[in-house]
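Single-letter residue listing:
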Amino acid sequence: MANSASGIAVSDECKLKFLELKAKRNYRYIIFKIDDNVQQVMVEKAGDHAETYEHFTSSLPDNECRYAVFDYDFTTDENCHKSKIFFIAWSPDTARVRTKMLYASSKDRFKRELDGIQAELQATDPSEMSWDTLKARAF
């Protein structure tokens, strides 16, 4: 089903990979991109569960927008192991204006397709999605 604001559809692979991350914990993160040729959100990369946050952030392009989900595992002060699934909207300042507008207008519709998002970050440069920022948002 296409997004009414931008005309962008969501591939079934996006939903299936997200379910695998959420239910089976097969992935640490998934990076999504809008494919202009088919006007659809597609999976660009799925990071193995052993990969780190540094692997994830280095996989994001410096001058192109992306959506991503990251499965953040942490231990509370009470020594409980928990995890939180973050939705990250990566829109660097150096990206083309048209691309930033397309990602912004498609974001809410795409996010609704991914049932189970627990927190959200919007970042225009790496400092806005630092490990410390992620940790602060998890609690």
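These remarks concern the structure in this document. Bear in mind that the values here come from a model prediction, so they are computed numbers and not experimental data. (Residues numbered from 1 in each chain as written. Predicted model: local features only at pLDDT ≥ 70, side-chain atom pairs only at ≥ 80, totals over all residues. Heavy atoms only, no water.)

Moving on, we get to the pattern of salt bridges. Note on pairing: side chains with opposite charge can pair once their charged atoms come close. In total, this model carries 10 salt bridges according to the counting rule given. Asp-71 is the partner of Arg-25 in a salt bridge, and the nearest nitrogen-oxygen pair spans 3.3 Å. Of this pair, Arg-25 sits in the loop between helix H1 (12–24) and strand E2 (27–35) while Asp-71 sits in strand E4 (residues 66–75); the two residues are 46 residues apart in sequence, bridging distant segments of the chain. Judged by its relative accessible area of 1%, Asp-71 falls in the buried class. The salt bridge involving Lys-111 is made with Glu-120; its shortest N-O contact spans 2.3 Å. Among the residues examined, Glu-120 registers a relative accessible area of 23% and is labelled partly exposed. Residues joined by salt bridges that share partners form a network here, namely Asp-12, Lys-15, Arg-109 and Glu-113. (Salt bridge = Lys/Arg side-chain N within 4 Å of Asp/Glu carboxyl O. Helix = DSSP H or I, 4+ residues; strand = E, 2+ residues; numbered from the N terminus. Buried < 20%, exposed > 50% of the residue type's maximum accessible area, 1.4 Å probe, protein only.)

Let us now look at the side chain of Ser-91. For Ser-91, the position within the fold is in the loop between strand E5 (81–90) and helix H3 (97–113). With sequence-adjacent residues up to four places away left out, Ser-91 is seen in contact with Cys-65, Lys-100, Ala-123 and Thr-124. (Contact = heavy atoms within 4.5 Å.)

Ranked by size, the top nonpolar core spans 22 residues in total, and within it Phe-32, Val-41, Tyr-67, Val-69 and Phe-110 carry the most contacts. Listing elements by their share of this core, those giving two or more residues are H1, E2, strand E3 (40–48), E4, E5 and H3. Per element, the largest residue contribution to this core is four residues, and it comes from E2. With residues up to four places along the chain from it excluded, the contact list for Phe-110 reads Val-10, Cys-14, Phe-32, Val-41, Tyr-67 and Phe-87. (Core = buried A, V, L, I, M, F, W, Y, C linked by side-chain atoms within 4.5 Å.)

It is worth spelling out the packing of aromatic side chains at this point. Here the distance between the centres and the angle between the planes together describe a pair of aromatic rings. Under the criterion given, the structure shown has 13 aromatic pairs. Here the aromatic rings of Phe-32 and Phe-110 are separated by 5.0 Å at their centres, their planes lie at 70°, and the arrangement is edge-to-face. In this pair, Phe-32 sits in strand E2 while Phe-110 sits in helix H3, placing the two residues 78 residues apart along the sequence. The same class applies to Phe-32 as to Phe-110, namely buried. With centroids separated by 5.3 Å and ring planes inclined at 15°, the aromatic side chains of Tyr-72 and Phe-74 adopt a geometry described as stacked. Given the relative accessible area of 4%, Tyr-72 is considered buried. Taken together, the ring pairs in this structure connect Tyr-29, Tyr-53, Phe-56, Phe-70, Tyr-72, Phe-74, Phe-86 and Trp-131 into an aromatic cluster. (Phe/Tyr/Trp six-rings, centres within 6.5 Å; stacked < 30°, edge-to-face > 60°.)

Attention shifts here to the pairing of E5. In terms of strand pairing, E4 meets E5 through 10 bridges, oriented antiparallel. Counted as the bridge partner of Phe-70 is Phe-86 from E5. Taken together, E4 and the strand that follows it, E5, pair antiparallel across an intervening segment of five residues, in which Asn-79 is found at a positive phi of about 70°. Note that E5 and strand E6 (residues 119–123) share five bridges and pair parallel. From the neighbouring strand, Ala-89 faces E6, where its bridge partner is Gln-122. Handedness of the crossover joining E5 and E6 through H3: right-handed. (Pairing = 2+ DSSP bridges. Right-handed = clockwise from strand over helix to strand, strands pointing away.)

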